[in-house]
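# Per-entry structural report
This is what each chain is made of:
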Amino acid sequence: MRTVQLMEYVHSIQYHRRGGNGRLTLTHVEIVQDHGWYIRKDADWKSRYTVACATEYLTRVSAEAGTFAITVWRGADRICTVGIDWNPPNR
């Protein structure tokens with residue numbers, strides 16, 4: 001009998017807020033099981049997908065406006081880092 005290996009796509013998404021002095025402070029960590037970063041191989045796709053995930057998450061946690069550096073990790077491998085100027089939608 002052949003066993004099929006389960007592919008796990010567990011990622012850690014770290015949200016660092018940039019302070020007035022330029023320092024980055026870790027404010028949120030989200031653990032997700034998601035294969036979206038692998039749908040396409042190019043860096044532009046990974047960046048766009050990360051921004052989409054971050055927009056959904058920051059809206060859900062009612063994050064205050066600010067500049068964030070968002071880094072996606074799969075184990076010890078960094079998948080990508082993007083910066084966004086977060087301006088939450090009107091509630």
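First, a word on scope: everything that follows refers to the structure included in this document. Quantities reported herein were computed from a predicted structural model and do not represent experimental measurements.

## Description of the sheet that holds strand 3 (residues 66-74)
- Read across the sheet, four strands follow the order 2-1-3-4 without closing on themselves; strand pairing throughout is antiparallel. Where the open sheet ends on each side, the last strands, each with one partner, are strand 2 (24-33) and strand 4 (77-86). The sheet shows a mean angle of 20 degrees between the axes of neighbouring strands, taken without regard to direction.
- Against the sheet, helix 1 (residues 43-60) contacts strand 1 (10-18), strand 2, strand 3 and strand 4, and its axis sits at roughly 60 degrees relative to strand 4.

## Looking at the pairing of strand 4
- Summarising the sheet, strand 3 and strand 4 pair through nine bridges and their orientation is antiparallel. When the sheet's bridge partners are listed, I70 is paired in strand 4 with V82.

## Remarks on the packing of aromatic side chains
- As enumerated under the stated definition, the model contains four aromatic pairs in all.
- Pairing Y15 with Y57 gives two aromatic rings, centres 4.8 Å apart and planes at 20 degrees, and the pair type is stacked. Taken together, the positions of Y15 in strand 1 and Y57 in helix 1 put the pair 42 residues apart, joining distant regions of the chain.
- An aromatic cluster of three or more residues is present, and its members are W37, W45 and Y49.

## Focus: a nonpolar patch on the surface
- Taken together, the side chains of V10, L26, V29 and I31 make up a nonpolar region of the molecular surface, amounting to roughly 340 Å² of accessible area.
- No other element matches the three residues that strand 2 contributes to the nonpolar patch.
- The topology assignment puts I31 in strand 2.
- A relative accessible area of 58% places I31 in the exposed class.

## Topic: the side chain of S12
- Mapped onto the secondary structure, S12 falls in strand 1.
- Excluding its chain neighbours within four sequence positions, the residues that come into contact with S12 are V29, E30, I31, T71, V72 and W73.

## Focus: the side chain of D34
- In this structure, D34 sits in the loop between strand 2 and helix 1.
- Among buried Asp, Glu, Lys and Arg side chains, D34 stands out as unpaired, with R60 the closest opposite charge at 9.5 Å.
- For D34, the side chain forms a polar contact with the main-chain nitrogen of G36, separated by 2.7 Å.
- Once residues within four sequence positions are removed from consideration, D34 is found in contact with Y9, H11, Y49 and C53.

## A look at the environment of L24
- Inspection of the secondary structure assignment puts L24 in strand 2.
- The exposure class assigned to L24 is partly exposed, which follows from its relative accessible area of 37%.
- Each C-alpha atom of the pair L24 and P89 lies 23 Å from the other, and the pair is 65 residues apart in sequence.
- When near neighbours in sequence (up to four residues on either side) are disregarded, L24 contacts H16, R17, R18 and A69.

The rules behind the values
Throughout, residues of each chain are indexed from 1 in the direction in which the sequence is written. Restriction of local features to residues with pLDDT of at least 70 applies here, the model being predicted, together with a cutoff of 80 or more for giving and counting side-chain atom pairs; totals for whole chains, interfaces and linings are based on all residues. The side-chain numbers reported here are obtained from all heavy atoms of the structure, hydrogens and water having been left aside. Strands qualify as paired when DSSP identifies two bridges or more between them. Helix and strand definitions here come from DSSP, where helices need a minimum of 4 consecutive H or I residues and strands a minimum of 2 consecutive E residues; each element is numbered from the N-terminal end. Axis lines are fitted to C-alpha atoms, over the contacting stretch for helices. Their N-to-C directions set the angle, which ranges from 0 to 180 degrees. Note on contacts: a residue pair is in contact if any heavy atoms of the two residues lie within 4.5 Å. Stacked, tilted and edge-to-face pairs are distinguished by plane angle, under 30 degrees for stacked and over 60 for edge-to-face with tilted covering the rest, among Phe, Tyr and Trp rings (Trp via its six-membered ring) whose centres lie within 6.5 Å. Patches here: salt-bridge-free residues with over 30% relative accessible area, like charges joined within 9 Å, nonpolar side chains (Val, Leu, Ile, Met, Phe, Trp, Tyr) joined within 5 Å. Shrake-Rupley sampling with a 1.4 Å probe provides the accessible areas, and residues are treated as covered by the protein chains on show and by no other component. Should a side-chain nitrogen of Lys or Arg be within 4 Å of a carboxyl oxygen of Asp or Glu, the pair is scored as a salt bridge. Burial status follows relative accessibility: with a 1.4 Å probe on protein chains alone, a residue under 20% of its type maximum counts as buried, one over 50% as exposed, and anything between as partly exposed. Charge counting treats Lys and Arg as positive and Asp and Glu as negative, with His and both chain ends excluded. As used in this structure description, the phrase polar contact means that two N or O atoms lie within 3.5 Å; if the pair is within protein, one of them must be able to donate a hydrogen and the other to accept it, and residues adjacent in sequence are counted only when both atoms belong to side chains.

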